Amino acid sequence: MSNGTGNASAAARRSTLYRLIDTRPSATDLKDALVEYYAENDNFTVVTTDIDKVAAVTIWGVVGKKDQADWCATFKSLTGVNAKVANIASAGAILIGAPGGPYAITYGMGHLLIDPSKIDPGFGLAFSIRSIEPEKIRQITRNILDSRARVDRSTVPGGQPIRGFGIEHYGEVVSRLSGTLGSISMTFNRSTPKRVSIAAADSLKIPLGVKPADLLSDLAEITRITQKSSPVPELGFIDQIRGLKSTNRIVAQLEDKLSNAFTSGSSEPLALTLPAECEEYEHSAHSYRVKVASDRFEVVDDLDISTVLDKVSPLPVSDRIDALRAGYIQMCSDTDGHEKVSRQVRAHKWLAFEASLESGHYFYHQGKWFEVGDKYLEFLRSRLDEVFSRTASISLPKWEPGWAEEEDYNREAAALIPGAVCLDRKKIHTTQHPYGIEACDIIGPNNELIHVKRASSSGPLSHLFAQGWISVEALRTDREAREKLLKRVRERSATHAYDPSAKPKKLIYGIAIKKDATVSRQNLFTFSQVALMRAINALENADVDVEVIPIPQ
């Protein structure tokens, strides 16, 4: 396999390509796309030129130039030997105002020279999903949109079909992809057919022609594929949801909308959610330390969005996000805020928010912004509407005003459902799950696993959906978990027909949202819908029936 190694006689050289945004194809604007520190640094040379009559700017020099590398002092301290080794890294970039761009080609550490706010986010991915062979994927990096905000990187050196990576099309954000380029016409394969490996994220690592006419031809082909070709069917889902980097120009506009949402009377969807690192402490939290826009923390026993609104809304709009990032919320196990059970988690990570902007739909989750495509939303909504319309096999009673805690509801509901047993707050500890899992809040008469949640908004529900899937997975694969569940059941009932040899067949989510009489797909935040869809897909793939039952209030 040829990689375009850059031999003097080679027609193409493997390079890193970026597409620029908010940049016109003039020499002046191309210069403005450089990081000012390097563009004005004596160690760098900037030259205005052209490539086959197309405006271009070149920059080259060295970064990190030191007489001795940073590790030399440690080297001497440990060995007594004074190693004098210079630390020099070369960096070069060519910015060219080609049609469909402008583009920037970088070499060595050249990526440091480009202003991050001028880089088109996801450009490399947009090209790769339209050109890469779906049967020859070598590496994939994905952010998994569950409550744990996990990042997973999988590598298969020889390549394999995309389906072999076990990607959930709805609920995972692919941020990097590498594999074998399909049959396209570029300099590296124009005379002799060759297959090359490309790597794509915001940038694109690909062989590019080393002669002016060849380079412009290659850029034109990349532009054509990115702008006019449809994604490969197997990879089209990657285009439907993506994370936004903080340098993306639209993030500043979204954060303006988030700041304004803290204004009293705003109708924007804003709520508190549970950060991933606080999930295991949810049931033990009886108070919260809240330090936002203040030199001192305040202890509250009922945490909801109004707690944060009261502290942030008096601030100037421009200061609100900074105050949230500087402040924190901490969970405590006592009512006075003395017994801390979680660490101090920055307040902005507790927020859930959604916004539409420039015909796009975005949501804020775990302190990060995500964009959701129209096709993704259309599928998600139609699928969940079908789930919510299913006939309930068990009738969950109304949540009476006197039942203040979930434990109250679960105890009373289990008593009203013939043959059910309340297991609320009865964790199962196993070798595989030493910190414990909640098998369910109520086990139904036919071993239905019922998970119940009453939230101040739909923000915290993603934890509920993940919890249901985790419990089913443990009970399906771990005999110890099933035996521990039997023990919990027997502590409450000597007659319930739970059979530890049988694997779960039905899971029920019972949901109530304060201030909403009924729960539907429409009043779930988008990321909660994503979490529910992920759980449903995983459960149904395991032959477990799923029901979502709104609890009347």
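See the structure shown above.
Residues numbered from 1 in each chain as written. Predicted model: local features only at pLDDT ≥ 70, side-chain atom pairs only at ≥ 80, totals over all residues. Heavy atoms only, no water.

1. Focus on the environment of glycine 110
So, step 1. Within the secondary structure layout, glycine 110 lies in the loop between strand S5 (103-108) and helix H4 (123-128).
So, step 2. Separated by 50 residues in the primary sequence, glycine 110 and tryptophan 60 place their C-alpha atoms 7.9 Å from one another.
So, step 3. For glycine 110, the residues in contact, after removing those within four places along its chain, are Ala91, Gly92 and Ala93. (Helix = DSSP H or I, 4+ residues; strand = E, 2+ residues; numbered from the N terminus. Contact = heavy atoms within 4.5 Å.)

2. What to know about helix H8 (residues 305-312)
So, step 1. Those residues of H8 that sit buried are Ile305, Thr307, Val308, Lys311 and Val312. Considered in projection along H8, the buried side chains sweep an arc of 160° and stay on one side of the axis. (Buried < 20%, exposed > 50% of the residue type's maximum accessible area, 1.4 Å probe, protein only. Arc of directions from axis to C-beta.)

3. A few points about the sheet that holds strand S13 (residues 287-291)
So, step 1. Pairing is antiparallel in the open sheet, where four strands are placed in the order S14-S13-S15-S16. Edge positions in the sheet fall to strand S14 (298-300) and strand S16 (345-346), since each of these pairs with one other strand and no more.
So, step 2. As judged from the two bridges shared by strand S15 (residues 328-332) and S16, these two strands associate in the antiparallel manner. Paired with tyrosine 328 across the strands is arginine 346, a residue of S16. (Pairing = 2+ DSSP bridges.)

4. A short note on the environment of glutamate 540
So, step 1. With respect to the helices and strands, the residue glutamate 540 is situated in helix H14 (residues 526-541).
So, step 2. Of note is the side chain of glutamate 540, whose polar atom sits 3.1 Å from the side chain of arginine 390. (Polar contact = N/O pair within 3.5 Å; in protein donor to acceptor, adjacent residues only side chain to side chain.)

5. Side note on the nonpolar core
So, step 1. Leu461, Phe465, Leu485, Tyr509, Ile511, Leu532 and Leu539 are the most contacted members of the largest nonpolar core, which has 51 residues in total.
So, step 2. Secondary-structure elements contributing two or more residues to this core are strand S19 (368-372), helix H10 (374-388), strand S22 (449-455), helix H12 (461-477), helix H13 (479-492), strand S23 (506-513), H14 and strand S24 (545-550).
So, step 3. Here isoleucine 511 is in contact with Lys453, Leu461, Leu464, Phe465, Val519, Val548, Ile549, Pro550 and Ile551, once residues within four sequence places are set aside.
So, step 4. Residues Ile162, Met186, Phe188 and Leu208 belong to the second largest nonpolar core, which totals 39 residues. (Core = buried A, V, L, I, M, F, W, Y, C linked by side-chain atoms within 4.5 Å.)

6. Overview of the packing of H12 against H14
So, step 1. Contact geometry for H12 and H14: axes closest at 8 Å, N-to-C directions at 10°. The orientation of H12 relative to H14 falls into the category roughly parallel. Considering the relative orientation of H12 and H14, their crossing is left-handed. On the side of H12, the interface is formed by Leu461, Ser462, Phe465, Trp469 and Val472, while H14 contributes Phe527, Ser528, Ala531, Leu532, Ala535, Ala538 and Leu539.
So, step 2. In terms of residue class, the contact of H12 with H14 is made up of ten nonpolar, two polar and no charged. (Axes fitted to C-alpha atoms, helices over the stretch in contact; angles between N-to-C directions. Parallel < 35°, antiparallel > 145°, perpendicular 65-115°, else oblique. Left-handed = near helix turned anticlockwise from the far one by under 90°. Nonpolar A, V, L, I, M, F, W, Y, C, P; charged D, E, K, R; others polar.)

7. A look at the sheet that holds strand S12 (residues 270-272)
So, step 1. An order of S11-S19-S18-S17-S12 is seen for the five strands of this open sheet, with the pairing classed as antiparallel. The open sheet has two free edges, formed respectively by strand S11 (241-244) and S12, since each of these has just one partner strand. Averaged over all pairs of adjacent strands, the angle between strand axes in this sheet comes to 25°, irrespective of strand direction.
So, step 2. Relative to strand S17 (residues 351-357), S12 runs antiparallel, the two being bridged by three bridges. Note on S17: the bridge partner recorded for leucine 270 is phenylalanine 353.
So, step 3. Packed onto the sheet, helix H7 (residues 249-261) meets S11, S12, S17, strand S18 (360-365) and S19 and runs at close to 120° relative to S17.
So, step 4. Contacts between H8 and the sheet are confined to S12 and S17, with S12 contributing the most and set at about 115° to the helix.

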